[in-house]
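Close look at the chain arrangement
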There are 2 protein chains.
Amino acid sequence: MAVTIRDVARASGVHISTVSRTFSAPHLVNPNTRSRVLAHAEQLGYRPNRAARALITGRTYNIGLIVADIANPFFPPLIKAAESQARKHDHHIFVADTNEDPALEEEVVRALAKQVDGVLLVSPRMSNALIEQLSREVPLVVVNRQIAGIPAVVMDVARGARTAIEHLTALGHRRVALLGGPRGSWTSREIRRSASTTARAGGAELIIIGPNPPTEVGGLTVAEDVLRAGATAVLAYNDLMAIGLIEGLLAAGARVPTDVSVVGIDDIMLSRLTRPKLTTVATPTAAAGRAAVDMLLAHGDDRRTNAHIHLQTELVIRDSTGRGPGPHSPADPGDAIAHGGVAS
Amino acid sequence: MAVTIRDVARASGVHISTVSRTFSAPHLVNPNTRSRVLAHAEQLGYRPNRAARALITGRTYNIGLIVADIANPFFPPLIKAAESQARKHDHHIFVADTNEDPALEEEVVRALAKQVDGVLLVSPRMSNALIEQLSREVPLVVVNRQIAGIPAVVMDVARGARTAIEHLTALGHRRVALLGGPRGSWTSREIRRSASTTARAGGAELIIIGPNPPTEVGGLTVAEDVLRAGATAVLAYNDLMAIGLIEGLLAAGARVPTDVSVVGIDDIMLSRLTRPKLTTVATPTAAAGRAAVDMLLAHGDDRRTNAHIHLQTELVIRDSTGRGPGPHSPADPGDAIAHGGVAS
DNA sequence: GACAGTTGTGCAACCGCTTGCATTAATTGC
DNA sequence: GCAATTAATGCAAGCGGTTGCACAACTGTC
């Protein structure tokens, strides 16, 4: 069926090992022989079988990339950055989606394990214990999670949440709702922890609503809860939820930001296109994708490194946040910073 | 390093072939032996190496799925549907993004070729000749393209474009612009062909602008061209471009739909969230993903089938289209159909 | 109790490729 | 001019599995 190394060897009148070497160690073969082999290979349409090669070398030149939901606009920029970074090192990325399902995450990692040199686990929902176990079966890099002994790339959402809450309290908000993300999300726990501390320090009450599915619908369905709780400002786990929430608030007759201010997290493309434009915490997704690939390539072999990369987040103030009922701070960031501008 | 079939055989005191059979042909091994082997396998944490198995069986239980741009919201629903359909048949999907680059498409197909049972090529940008050549190296199913001898799933965008143009001419539009998609897109050619015919039949002039990159920016940058051309209505290659165009038109001071009507294609989630909500041609992306997987599984082995699946599209009328300057038809679809409703 | 069937397991070749070692021919040093 | 290198290629084992075939050891039959 497919043309193998044997066909090329036969056509060129050499041993298969010579053909093998023309491709993987050209300097070991006589230039004349090499070009003859290459010519025959070309003519027969021979392509080395990477899977067979991997069996012996242990290197596949593939990297697995697992995300919870490919339809969440947060992921594509990360994926694309990882792909282009991998390509620079002659690797290919295989993406898999797990539908926010921890069980599927495990299954997919195992399916990928022997076909890739390592797996990038982005915003995993499974338990630390399971991740540690899997990391014994295949080199892992986690993104948006911190686990001792496992290389990680984390975006500083804690600081992002702090900045967001400070922005809201400075605007005079005293009852702030936090829309939690999915169960199992490390990011969601970080945000919650940081937001709680910051709210307390700023004299505001934080009302926690969730966990919720990290989608528009997740935000839409809790709009009533937000209004019922009497919150005048909301920090959502991500932009998708924030956008859904705004839809829900508007549908319920509330104005944004006049009645309720809304802050998202991620700064997905979409957040610039909705009305009002969304105030949000920008996360460096592309940088995270690149860093994760680099980290895997660097630490793939050594198990249990503690290599961590921290990436900064930035608050982007747009049109979905405004004055609250309480006294607002003299250094109101809403005045100090241009609309659509960036503050850290 | 990793535990292999030999380790399990040694631990269980049987030959490796018996271990192999406990996994791939359980009925051939004595129940007692089987459970003993399974126990040892479990205890050692043995996982069969799918790549090694594939070498001999020729089946990887993997499917490649190649898209032009994972960040385009058109693709994720298709990908997710394909993944869940594949999972039903115990297959896994590997997604790869090609950045709208035909050369990368070829490279990725070849990289995937031996590691998958077949490749789903969604909206490919490369030439027919190249696709035909690749289909000799690995089973292929193309989506949104028709090539003789290659199994295909096509969405009827021609009919969608016709319905969209009829909608516009019925509203009284006589100068309609068509924003073309990327070079190499079969869909774009189909739309153009169908829109031209329909516009002529409806007594309208069709102004073709493009090719353009199929993104928001692609739409945004041609907003001025649209105004300069004096078009009162626009059919865009996809929703992303339509949304970008609307942004551009609003920025230039034109009102949508009062001054210019805009119709997109795809009905991505986003088109329901922008203001005004987008009138668009809904394409059955999830169905296409499922159909493509089914088709590959059914026809993977036989080369050169002519199996084709056609899927219908539907015009969804929302808020971005309105009356044009000309006489509008008495059976104005804008009156006949409820907002947000669906017509075919 | 000999015979034909079953059933369960082992043997060994093989999938497509890499690689350490042996072999041979050509080149170099003195 | 001969030993010692060096360069180019072949040989064969092996990566982690699968599978056709042979071989026992049972089972049941008459």
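Residues numbered from 1 in each chain as written. Chains lettered and ligands numbered in written order. Predicted model: local features only at pLDDT ≥ 70, side-chain atom pairs only at ≥ 80, totals over all residues. Heavy atoms only, no water.

A closer look at the layout of surface pockets
In this structure, the second largest pocket occupies an estimated 1500 Å³ of space. Together, 46 residues line the second largest pocket, and A2(A), V3(A), T4(A), N49(A) and K114(B) are the ones closest to its centre. Elements with a contribution of two residues or more to the lining of the second largest pocket: α1 (5-12), α2 (16-24) and α4 (50-57) of chain A together with α4 (50-57), α6 (102-113) and α13 (285-299) of chain B. Among the elements that line the lining of the second largest pocket, the one with the most residues is α2(A), at 6 residues. When grouped by side-chain class, the residues that make up the lining of the second largest pocket number 23 nonpolar, 12 polar and 11 charged. (1 Å grid on protein atoms, 1.4 Å probe; cavity = no way out; pocket = protein on both sides within 12 Å on 5 of 7 lines; lining within 4 Å. Points joined across faces, edges and corners; volume = space filled by probe spheres on them. Helix = DSSP H or I, 4+ residues; strand = E, 2+ residues; numbered from the N terminus. Nonpolar A, V, L, I, M, F, W, Y, C, P; charged D, E, K, R; others polar.)

Here's the deal with the packing of aromatic side chains
For the structure on display, the rule yields 5 aromatic pairs over all chains. When the ring of F74(B) is compared with that of F75(B), the centres are 5.0 Å apart and the planes differ by 75°; the resulting orientation is edge-to-face. By the burial criterion, F74(B) is buried, and F75(B) matches it. Its guanidinium or amino end placed over the ring of Y61(A), R59(A) lies 5.1 Å from that ring's centre, counting from NZ or CZ. (Phe/Tyr/Trp six-rings, centres within 6.5 Å; stacked < 30°, edge-to-face > 60°. Buried < 20%, exposed > 50% of the residue type's maximum accessible area, 1.4 Å probe, protein only. Lys NZ or Arg CZ within 6 Å of the ring centre and 35° of its normal.)

Some thoughts on the environment of K114(A)
Tracing the chain through its elements places K114(A) in the loop between α6 (102-113) and β3 (118-122). Relative accessible area serves as the criterion here: at 29%, K114(A) is assigned to the partly exposed category. Through-space distance from the C-alpha of K114(A) to that of E137(A) is 8.7 Å; in sequence the pair is 23 residues apart. Those residues in contact with K114(A) that lie beyond four places of it in its chain are T60(A), A2(B), R47(B), N49(B) and A51(B). (Contact = heavy atoms within 4.5 Å.)

Some details on a nonpolar patch on the surface
Together, L55(A), I56(A), L55(B) and I56(B) make up an exposed nonpolar region whose accessible area comes to about 480 Å². Among the elements of the structure, α4 of chain A together with α4 of chain B are those that each provide at least two residues to the nonpolar patch. By the secondary structure assignment, I56(B) is in helix α4. (Patch = residues over 30% accessible without salt bridge, like charges linked within 9 Å, V, L, I, M, F, W, Y side chains within 5 Å. Areas by Shrake-Rupley, 256 points an atom, 1.4 Å probe, with all protein chains shown as cover. Salt bridge = Lys/Arg side-chain N within 4 Å of Asp/Glu carboxyl O.)

Comments concerning helix α3 (residues 31-44) of chain A
Residues and elements named next belong to chain A. Taking 1.5 Å of rise per residue, 14 residues should cover 20 Å, and α3 covers 20 Å from first to last C-alpha, within 8% of that figure. For α3, the full list of buried residues reads T33, V37 and A41. Seen from one end, α3 has its buried residues packed into an arc of 65°, which puts them on one side. In α3, the exposed positions that point more than 90 degrees away from the buried face belong to P31, N32, E42 and Q43. Taken together, the buried residues of α3 touch α1 and α2. (Expected span 1.5 Å × (residues − 1). Arc of directions from axis to C-beta.)

Observations concerning the packing of helix α5 (residues 75-88) of chain B against α13(B)
The relative placement of two packed helices is expressed as an angle between their axes plus a distance between the axes. All names here are of chain B. Where α5 contacts α13, the axes come no closer than 7 Å and their chain directions differ by 40°. As the angle between them shows, α5 and α13 are arranged oblique. Once α5 is placed against α13, the crossing between them reads as right-handed. Mapping the contact onto sequence places P77, L78, A81, A82, Q85 and A86 in α5 and T285, A286, A288, G289, R290, V293 and D294 in α13. Grouping the constituent residues of the contact of α5 with α13 by class yields 8 nonpolar, 3 polar and 2 charged. (Axes fitted to C-alpha atoms, helices over the stretch in contact; angles between N-to-C directions. Parallel < 35°, antiparallel > 145°, perpendicular 65-115°, else oblique. Left-handed = near helix turned anticlockwise from the far one by under 90°.)

Some remarks on the domain arrangement of chain A
According to the domain assignment, chain A consists of domain 1 (5-48), domain 2 (60-154 + 286-310) and domain 3 (157-283 + 314-343). A straight line from the C-alpha centre of domain 1 of chain A to that of domain 3 of chain A covers 62 Å. (Domains from an automatic or database assignment.)

Digging into the relation of the copies chain B and chain A
In screw terms, the move from chain B to chain A is a rotation of 180° and a rise of 0.0 Å along the axis, fitting with an RMSD of 0.1 Å. On the angle and the small slide along the axis, the relation comes out as a two-fold axis. Comparing contact sets, 100% of the residues at the interface of chain B also lie at the interface in chain A, consistent with an isologous, same-surface contact. (Least-squares fit on C-alpha atoms with pLDDT ≥ 70 in both.)

A short note on the environment of G230(A)
One can find G230(A) in the loop between α11 (223-228) and β8 (233-236). In sequence terms G230(A) and I207(A) are 23 residues apart; their C-alpha atoms lie 9.6 Å from each other.

As for the interface of chain B and chain A
Counting residues at the interface gives 42 residues for chain B and 42 residues for chain A. Taking both partners together, chain B and chain A bury about 4000 Å²; carbon and sulfur atoms supply 58% of that area. Between chain B and chain A we count 8 salt bridges in total. The salt bridge partner of E137(B) is R47(A), with a shortest N-O separation of 4.0 Å. Secondary structure elements with two or more residues in the side of chain B that touches chain A: α4, α5, β2 (92-97), α6 and α12 (239-251) of chain B. (Buried area = accessible area lost by both parts, 1.4 Å probe.)

Quick word on the packing of α2(A) against α3(A)
All names here are of chain A. Relative to each other, α2 and α3 sit at 95°, their axes nearing to 10 Å. Between α2 and α3, the angle is such that the two are roughly perpendicular. Taken together, the residues of α3 that come into contact with α2 (itself represented by T18, V19, T22 and F23) are T33, R34, V37, L38 and A41. Residues belonging to the contact of α2 with α3 are distributed by class as follows: 5 nonpolar, 3 polar and 1 charged.

Quick notes on the protein's contact with DNA strand D
Close to DNA strand D lie 28 residues; T33(A), I56(A), S20(B), R53(B) and I56(B) are nearest. Atoms of DNA strand D within 4 Å of the protein: sugar and phosphate make up 55%, bases the balance. Within the backbone of I5(B), a nitrogen or oxygen atom sits 2.7 Å from a phosphate oxygen of DNA strand D. R21(B) is positioned with one of its side-chain polar atoms (N or O) 3.4 Å from a base oxygen of DNA strand D. (Near = heavy atom within 4 Å. Polar contact = N/O pair within 3.5 Å; in protein donor to acceptor, adjacent residues only side chain to side chain.)

Examining the protein's contact with DNA strand C
Around DNA strand C, the surrounding shell holds 28 residues, and the nearest of these are I5(A), S20(A), R53(A), T18(B) and T33(B). Residue I5(A) places a main-chain N or O atom 2.5 Å away from a phosphate oxygen belonging to DNA strand C. Between N30(B) and DNA strand C, the recorded distance is 2.9 Å, taken from a backbone N or O atom to a phosphate oxygen. Broken down by secondary-structure element, the contributors of at least two residues to the surface near DNA strand C are α1, α2 and α4 of chain A together with α2 (16-24) and α4 of chain B. Taken together, the residues that form the surface near DNA strand C break down as 12 nonpolar, 11 polar and 5 charged.

Overview of the pairing of strand β8 (residues 233-236) of chain B
Residues and elements named next belong to chain B. Of the two faces of β8, the one lined by A233 and L235 and the one lined by V234 and A236 are each fully buried. Across 4 bridges, strand β6 (residues 175-179) lies against β8 in parallel orientation. Paired with L178 across the bridge in β8 is L235. Bridge count for β8 against strand β9 (residues 261-266) is 3 bridges, and the pairing is parallel. In the sheet register, L235 faces β9, and the bridge partner there is V263. For the segment spanning β8, α12 and β9, crossover handedness is right-handed. (Pairing = 2+ DSSP bridges. Right-handed = clockwise from strand over helix to strand, strands pointing away.)

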